Amino acid sequence: MIATYQVNDRFQLPRLPGVYYFLDRSLKTLYVGKATSLRARVGSYWLRPLDGRLTAMLPRIDQIRIHTTDTALEALILEANEIQRLNPPINV
């Protein structure tokens, strides 16, 4: 399942494995990550200290797109493929 959420709705994300995409206002992908629990992982960005590039990214995030998977392994593979395909500026 693929769905898009506003940043303020990040605590409504499912507690499922998958890949998340942080999008800016122009819907450009800033960052791609994987999670065993999308809600916990995405929410953690606003709860903990981050390095400089991630801290600078937070105010730019307008939407969060998720792609749920059946397993964490599927999420790992999808994340790697999506980073290669999209080449997001924050992923290094």
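Trainee: Hey, could you go over the environment of Ala80 for me, with residue numbers and the actual values?
Mentor: The topology assignment puts Ala80 in helix α3 (residues 72-86). Given the relative accessible area of 45%, Ala80 is considered partly exposed. Measuring from C-alpha to C-alpha, the distance between Ala80 and Arg65 comes to 16 Å, with 15 residues separating the pair along the chain.

Trainee: Describe the sheet that holds strand β2 (residues 18-23), and please don't skip the residues or the numbers.
Mentor: Taken together, the four strands give an open sheet; going across it, the order is β1-β4-β2-β3, and neighbouring strands pair in antiparallel fashion. Of all strands in the sheet, those bounded by a partner on one side alone are β1 (2-6) and β3 (29-35). Neighbouring strand axes in the sheet, compared pairwise and without regard to direction, differ in orientation by 20° on average. Alignment of β2 against β3, held across six bridges, turns out to be antiparallel. Bridge pairing in β3 links Tyr20 to Gly33. Running over the sheet, α3 touches β2, β3 and β4 (63-68) and is turned about 165° from β3.

Trainee: Got a sec to walk through the nonpolar core? Specific residues and values, please.
Mentor: Judged by nonpolar contacts, the single largest core of 20 residues is most densely connected at Tyr20 and Phe22. Listing elements by their share of this core, those giving two or more residues are β1, β2, β3, α1 (38-44), α2 (52-57) and β4. Take this core: its biggest share by element is three residues, from β3. Each residue touching Phe22, except ones within four places of it in the same chain, is listed here: Lys28, Thr29, Leu30, Tyr31, Val42, Tyr45, Trp46, Met57, Ile61, Gln63 and Ile64.

Procedures and definitions
- Residues numbered from 1 in each chain as written.
- Predicted model: local features only at pLDDT ≥ 70, side-chain atom pairs only at ≥ 80, totals over all residues.
- Heavy atoms only, no water.
- Helix = DSSP H or I, 4+ residues; strand = E, 2+ residues; numbered from the N terminus.
- Buried < 20%, exposed > 50% of the residue type's maximum accessible area, 1.4 Å probe, protein only.
- Pairing = 2+ DSSP bridges.
- Axes fitted to C-alpha atoms, helices over the stretch in contact; angles between N-to-C directions.
- Contact = heavy atoms within 4.5 Å.
- Core = buried A, V, L, I, M, F, W, Y, C linked by side-chain atoms within 4.5 Å.

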